[in-house]
Structure formats: C-alpha cells, structure tokens
Amino acid sequence: MATLPARRSNRGSGRNLAVVNPTREFEDIYDRMGQLMNLAFGSMMPTVAADLPWVPLGDISETDDAFVVRVDLPGVSKDKIDIQLQNRELIITGEIPDQQEEQQQQDNKQQQQDNNERRHRTQRPTGRFEFRAILPGEVNADGVTAQLKDGVLNVNIPKSEAAKPHRIEVSG
C-alpha cells in the first residue's frame, strides 16, 4: 500500500507534518496529459466525446406523498432548463454556456481585447447537460412542480394514489 508523502519538521518538540495533496497533483498531471494529447493528435481525436452531455450531481429522496429530486445546476437560469416526465423516467436537460467563449465573441465585435485573458484550468462544466432517473414508484404527472433556488433545482413529483402507503389498523 502506498503512503502519502509528508514533510517533517525537526524544529521544536512537536511533530509537525504537512501532507501533500495528491488530488491536486493528479489534476495537474491529467491536465498536462490532455494538453500533450491535443498537441500530438490534434484534429485526429474523436469529437464524439465533446458532443456528449455531462451529468450534473443530484439526489433522489422519497416522502410518504412524493419523490423529491434535487439537482445541482449552479449558474443556470430557469429558462435554460427543460424537464420532462415519461412514465416513471425523469429527464432534466439544458445547457450552460461557456462564459469565456461568449465574452470572446463580444470582444471580437469590439475589434481588440484590452485584457488578454488566458485560461490555465477549466473545471466548471459547460455545454449540454442531462440528468435521467427512473423513479421507484408510480407517479402523478399532473402535480409535478419545480423550483430553482441558489443553483439547486428541486423537483417535487407526487406519488399516485396506488403508490402511497396505506395504514392498516390491527384489530383484536
């Protein structure tokens, strides 16, 4: 089993350890490998992966009366989100525009850029997204509500009467 590298300090009587963050190191390596692949293969790389939508993070929970789906969509306006319910499958799609590309298009219209910004790292997702989930019970599609607040989309999907739990009294 590999151990994490650590820096040890011999000063003082205490043991000071500063652990190196391996996640950051792997991110840097991954970014550099991507740059090298682009330099080596350029246009030979398949563009299919670029056309695929990314999947936002989301949670599905259940109450006695409904299924609740929460999806993280920071920076997305409500008019860029499409929600569909087909039988028991919930499909949430949309697009997050690349703000730097939009800014460059606007700046190109103004001839010269005053601020030559170069991107060093891109981790925030942009482009088309798609969240799909099959709900674990029958639903009432007529009562579905959705609200976007603070970058979180909350979708409340009521259960059908047949899917709701029924309390049974015990006699005796």
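It should be noted that the structure appears before, not after, this text.
Within any chain, residue numbers begin from 1 and follow the written order of that chain's sequence. In view of the model being predicted, local features appear only for residues whose pLDDT reaches at least 70, and side-chain atom pairs are presented and counted only at 80 or more, with totals across whole chains, interfaces and linings using the full set of residues. Only hydrogens and water are set aside when side-chain values are computed; all heavy atoms of the structure are taken into account.

Right, let's get into the overall build of the chain. Only DSSP runs of H or I covering at least 4 residues are called helices, and only runs of E covering at least 2 are called strands; the numbering of each starts at the N terminus. Counting its regular elements, the chain contains three helices and nine strands. Here's how the labels work: a residue is buried when its accessible area is under 20% of the maximum for its type, exposed when over 50%, partly exposed in between, all with a 1.4 Å probe on protein chains only. A total of 172 residues make up the chain; the buried ones form 18% of that total. Pairs of residues are marked as contacts when any of their non-hydrogen atoms sit within 4.5 Å. Of the contacts formed within the chain by residues at least 6 apart in sequence, a portion of 61% connects residues at least 24 apart. Accessible area of the chain: about 14,200 Å², with a carbon and sulfur share of 48%. Areas reported here follow the Shrake-Rupley algorithm with a probe of radius 1.4 Å; residue values treat only the protein chains shown as occluding.

Now for the nonpolar core. Only buried Ala, Val, Leu, Ile, Met, Phe, Trp, Tyr and Cys residues count toward a nonpolar core, and they belong to the same one when joined by side-chain atoms within 4.5 Å. If you look at the biggest cluster of nonpolar residues, it comprises 18 residues, and the most contacted ones within it are V69, I92, F129 and I157. For this core, the elements supplying multiple residues, two or more each, are β4 (66–72), β6 (89–96), β7 (127–134) and β9 (152–158). The residues contacting I92, other than those within four sequence positions of it, are V71, I81, D82, I83, F129, E130, F131, L153 and V155.

This part is about the sheet that holds β6. Backbone-to-backbone hydrogen bonds join strands into a sheet, with any given pair of strands oriented parallel or antiparallel. Two strands are said to pair when DSSP picks up at least two bridges between them. The three strands are arranged β5-β6-β7 in an open sheet whose pairing can be described as antiparallel. A single partner strand is all that each edge strand has here, and the edge strands are β5 (81–86) and β7. Averaged over all neighbouring strand pairs, the angle between strand axes comes to 15°, with direction disregarded. As defined by bridge partners, β6 adjoins β7 across eight bridges and the pair is classed as antiparallel. Bridged to G94 within β7 is F129. Only C-alpha atoms enter the line fits that serve as axes; for helices the fit covers just the stretch in contact. Angles between N-to-C directions range over 0 to 180 degrees.

Below, the discussion takes up the pairing of β4. Among the seven residues in β4, five count as buried, and that is most of the element. Sheet topology places strand β3 (residues 58–62) next to β4; five bridges connect them, and they run antiparallel. By the bridge assignment, G58 is partnered in β4 with V71. Of the pairings in the sheet, the one linking β4 to β9 comprises seven bridges and is antiparallel in character. Of the residues in β9, the one forming a bridge with R70 is N154.

Moving on, we get to the layout of surface pockets. For the largest pocket, the calculated volume is near 580 Å³. Here a cavity denotes a set of grid points, spaced 1 Å apart and computed over the protein atoms alone, in which a 1.4 Å probe fits but from which it cannot get out, and a pocket denotes an open set meeting protein on both sides within 12 Å along at least five of seven lines; residues with an atom within 4 Å of a point are reported as lining. Together, 14 residues line the largest pocket, and Y30, D31, G34, N38 and T122 are the ones closest to its centre. Classification used: nonpolar for Ala, Val, Leu, Ile, Met, Phe, Trp, Tyr, Cys and Pro, charged for Asp, Glu, Lys and Arg, polar for all others including Gly. For the lining of the largest pocket, a count of residues per class yields four nonpolar, six polar and four charged. Grid points are joined across faces, edges and corners, and a volume is the space filled by probe spheres set on the points. Approximately 450 Å³ is the volume attributed to the second largest pocket. Around the second largest pocket sit 20 residues that line it, and I96, Q123, R124, P125 and T126 are the ones nearest its centre. Its residues placed into classes, the lining of the second largest pocket shows eight nonpolar, six polar and six charged.

Where charged atoms from two side chains of opposite charge approach closely, those side chains can pair. The term salt bridge refers to a pairing of a side-chain nitrogen on Lys or Arg with a carboxyl oxygen on Asp or Glu at a separation within 4 Å. Evaluated as defined, the whole model comprises three salt bridges. With a closest N to O distance of 2.5 Å, E62 and K159 form a salt bridge. Separated by 97 residues along the polypeptide, E62 in strand β3 and K159 in the segment after β9 bring together distant segments of the chain. Taking the shortest distance from any N to any O, the salt bridge between R132 and E130 comes out at 2.8 Å. When its relative accessible area of 45% is taken as the criterion, R132 is described as partly exposed. We classify E130 as partly exposed; its relative accessible area is 25%. Within this structure, E89, E130 and R132 form a network of salt bridges that share partners.

Here N87, not a glycine, exhibits a phi torsion of approximately 55°, which is positive. Among the secondary structure elements, N87 is positioned in the loop between β5 and β6. Judged by its relative accessible area of 74%, N87 is exposed.

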